[in-house]
2 protein chains.
Amino acid sequence: MPTALRGVYAPVLTPFDQNLQPDTQRFIAHCKWLVDNGAGLAIFGTNSEAASLSVDERLRLTDALLQAGVDPSVLMSGTGACALPDAVALTQHAVKAGAPGVLMLPPFYYKGVSDDGVFAYYAEVIERVGSSDLGIYLYHIPQMSQVPITLSVIERLLRRYPDTIKGAKDSSGDWENSKAMIENFGPDGFAVFPASESLLSKSLAIGGAGSISATVNMNPAGIRALFDGWNGEQGAELQASADRIRQIFQAVPMIPAMKRVVAEHANHADWSVVRPPLRALDDATAASVLDSLEKAGFTMPGYPV
Amino acid sequence: MPTALRGVYAPVLTPFDQNLQPDTQRFIAHCKWLVDNGAGLAIFGTNSEAASLSVDERLRLTDALLQAGVDPSVLMSGTGACALPDAVALTQHAVKAGAPGVLMLPPFYYKGVSDDGVFAYYAEVIERVGSSDLGIYLYHIPQMSQVPITLSVIERLLRRYPDTIKGAKDSSGDWENSKAMIENFGPDGFAVFPASESLLSKSLAIGGAGSISATVNMNPAGIRALFDGWNGEQGAELQASADRIRQIFQAVPMIPAMKRVVAEHANHADWSVVRPPLRALDDATAASVLDSLEKAGFTMPGYPV
């Protein structure tokens with residue numbers, strides 16, 4: 001039975017080449033840089049364009065990462081999928097690989113589905129994977145999935161699978177919802193990760209577990225320092241500093257913006273490539289983002305070039 | 001270069017067994033019954049729970065259908081997927097199998113994507129499949145996908161790929177949108193299929209191509225008779241008769257309701273099984289649907305038991 005995770009996780013950006021194929025070497029290098037800067041790896045999240053990857057691509061990238069020597073204990077792998085057999089295959093593979101957690105979207109094609117249907121989906125995955133090493137983090141992101149993971153679904157899952165349901169990522173941006181998750185289920189060891197680091201101090205203060213945030217891809221060391229020091233002397237300053245970087249990305253399409261910024265810092269233009277339906281950032285917006293970042297003193301120290 | 005299709009298509013229900021595995025034999029039998037009653041086969045649509053099937057399951061069911069002697073010319077295969085490589089693999093397979101049309105959802109995870117991103121997605125699939133035998137029907141179902149296929153995307157795709165973009169299914173239920181599709185692009189041979197047969201007479205009158213409707217699974221002969229005879233002496237009566245059946249299903253969760261009705265008529269309880277997040281119809285609703293159907297004189301003549 002895995003321990004509930006805590007910390008700062010990056011929903012890892014997935015690099016593509018000009019032919020839209022995943023670039024394994026740049027993926028590994030980006031992951032290692034994140035780990036070196038204190039972040040865990042939430043590979044295959046929304047910011048990873050995971051929905052735009054096939055199951056095979058996700059399996060191959062995971063294998064390559066482990067073969068490159070990344071410790072599986074840093075992984076919280078995204079294994080959600082619309083199709084039950086896909087979610088089972090991805091989750092089984094993550095557990096076998098040694099990931100102490102998987103971050104699972106609900107199936108997101110059908111809308112207006114019942115809580116009972118969402119519960120049944122997670123229950124089927126858990127039963128089929130059938131491993132005491134499985135630790136599930138429920139991925140609540142209603143603005144994308146349009147299928148919420150309600151408090152009552154969490155309660156029912158926790159009652160039925162107390163050793164497997166370990167926590168949730170709350171990407172709703174709704175602080176009242178994150179607060180309710182923490183207050184209702186935190187005391188039983190349920191780990192709640194509000195998505196944005198802008199809520200990090202606030203949520204840690206009431207028992208949150210950390211942050212799984214897009215911009216950990218950009219600012220892992222800063223957000224990790226905030227996680228470690230939010231209640232120390234420098235706490236307010238660390239929060240304000242992380243917020244400044246966050247706000248620059250939040251004002252634009254975040255995934256292409258982050259990739260464009262990596263392209264600059266890694267000196268590798270292909271980092272800008274996204275798979276459709278996403279589009280690369282236009283040059284004017286990119287220039288404005290890079291300018292704002294420079295003014296904010298943003299760097300990616302030690303990024304592999 | 002394939003000819004634009006016309007007619008009445010069923011988004012074919014996918015039967016599962018108690019272990020949630022596709023039942024190939026019942027799938028084939030259902031398909032053959034539909035064809036015998038004048039319907040084409042839009043396998044792997046929304047009502048097929050296609051999003052709940054893996055790519056491999058879709059490929060295997062297609063192969064089994066053809067091996068069972070179903071003529072590929074009746075196929076309009078659903079090949080949309082969030083991930084580009086999945087859509088390419090499914091589309092390539094359908095073209096190789098001899099399907100004269102594929103019905104393609106846009107990628108549906110990311111919301112608020114641009115028309116440019118939707119265009120780029122279809123363009124990539126078309127370029128990668130690279131076959132002059134490919135005929136694409138765009139699948140507009142904003143209430144599920146949340147990603148509309150706008151008139152301007154259609155126009156741009158038609159201009160760039162006039163031999164490949166053959167039509168659209170409009171599941172919006174918005175008659176003004178179907179009308180605009182038909183009026184704008186119908187004269188160039190673009191085949192528009194409003195989803196519900198309740199719009200069949202109305203749309204055929206202004207140049208529509210037919211219907212791809214859930215309830216063709218229930219009432220193929222009746223809807224086909226309407227398609228053939230809408231402007232004849234019995235036209236109004238055929239429309240009213242089809243509408244009566246439609247309304248019974250439209251009042252309840254359609255996919256589980258249709259499956260439950262097949263279970264009754266095929267005398268095979270497993271037909272009721274759906275994959276989560278969908279749930280089987282509760283017994284009270286089922287009894288009420290079956291009662292309404294009986295009063296409407298509904299039968300499934302010749303359904304294989």
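Residues numbered from 1 in each chain as written. Chains lettered and ligands numbered in written order. Predicted model: local features only at pLDDT ≥ 70, side-chain atom pairs only at ≥ 80, totals over all residues. Heavy atoms only, no water.

Residue and element names in this part refer to chain B. In this structure, Q239 sits in helix α10 (residues 235-250). There is a polar contact of 2.6 Å between the side chain of Q239 and the side chain of S201. Here Q239 is in contact with E197, S198, L200, S201 and L226, once residues within four sequence places are set aside. (Helix = DSSP H or I, 4+ residues; strand = E, 2+ residues; numbered from the N terminus. Polar contact = N/O pair within 3.5 Å; in protein donor to acceptor, adjacent residues only side chain to side chain. Contact = heavy atoms within 4.5 Å.)

With that settled, the discussion passes to the interface of chain A and chain B. In this complex, chain A contributes 43 residues to the contact, which on the side of chain B involves 43 residues. For the pair chain A and chain B, the two sides together bury roughly 3,300 Å², of which 65% comes from carbon and sulfur. Counting the surface chain A buries against chain B, the share from its top three residues, Y109(A), Y110(A) and P277(A), is 24%. Between D116(B) and R279(A) there is a salt bridge; the shortest N-O distance is 3.1 Å. Taken together, the links from chain A to chain B amount to 14 residue pairs in polar contact (both at pLDDT 80 or more). (Buried area = accessible area lost by both parts, 1.4 Å probe. Salt bridge = Lys/Arg side-chain N within 4 Å of Asp/Glu carboxyl O.)

Next up on the list: the packing of aromatic side chains. Taken as a whole, this structure holds 19 aromatic pairs over all chains when the rule is applied. Judged by centre distance (6.2 Å) and plane angle (10°), the rings of F27(A) and F44(A) are stacked. In this pair, F27(A) sits in helix α1 (residues 24-36) while F44(A) sits in the loop between β2 (40-41) and α2 (55-67), placing the two residues 17 residues apart along the sequence. Taking relative accessible area as the criterion, F27(A) reaches 0% and is therefore assigned buried. Among the aromatic residues, those joined into a cluster by ring pairs are F108(A), Y109(A), Y110(A), F108(B), Y109(B) and Y110(B). Here the guanidinium or amino end of R156(A) rests over the ring plane of F119(A), the centre of that ring lying 3.8 Å away. (Phe/Tyr/Trp six-rings, centres within 6.5 Å; stacked < 30°, edge-to-face > 60°. Buried < 20%, exposed > 50% of the residue type's maximum accessible area, 1.4 Å probe, protein only. Lys NZ or Arg CZ within 6 Å of the ring centre and 35° of its normal.)

Each copy of the sequence occupies a distinct position, and chain A is placed on chain B by a rotation of 180° and an axial shift of 0.0 Å, giving an RMSD of 0.0 Å. Here the symmetry operator amounts to a two-fold rotation axis. Counting the interface residues of chain A, we find that 100% of their copies in chain B are interface residues as well, pointing to one common contact surface. (Least-squares fit on C-alpha atoms with pLDDT ≥ 70 in both.)

Think of a disulfide as a covalent bridge from one cysteine sulfur atom to another cysteine sulfur atom. Within this structure, the stated rule accounts for zero disulfides over all chains. Distance from the sulfur of C82(B), which forms no disulfide, to the nearest cysteine sulfur (C82(A)) is 5.7 Å. Take C82(B): its relative accessible area is 9%, and that puts it in the buried class. (Disulfide = S-S within 2.5 Å.)

Residues and elements named next belong to chain B. The end-to-end C-alpha distance of α10 is 22 Å, a good match for the 22 Å that 16 residues give at a rise of 1.5 Å each. When α10 is considered as a whole, its buried residues turn out to be G235, Q239, A242, D243, I245, R246, I248 and F249. Buried positions along α10 lie against α8 (200-205), α9 (220-229), α11 (254-266) and α12 (283-295). (Expected span 1.5 Å × (residues − 1).)

Let us look at the pattern of salt bridges. Pairing between side chains of opposite charge can happen when the charged atoms of each approach one another. Per the counting criterion, the structure on display carries 28 salt bridges over all chains. For R224(A), the salt bridge goes to D228(A), with nearest N and O atoms at 3.0 Å. Of the two residues, R224(A) and D228(A) are both situated in helix α9 (residues 220-229); the distance of four residues between them amounts to about one turn of the helix. Judged by relative accessible area, which is 31%, R224(A) ranks as partly exposed. Measuring nitrogen to oxygen at the nearest pair gives 2.6 Å for the salt bridge that ties K259(B) to E49(B). Here K259(B) is found in helix α11, whereas its partner E49(B) is found in the loop between β2 (40-41) and α2 (55-67), with 210 residues between them in sequence. By relative accessible area, which is 0% here, K259(B) ends up buried.

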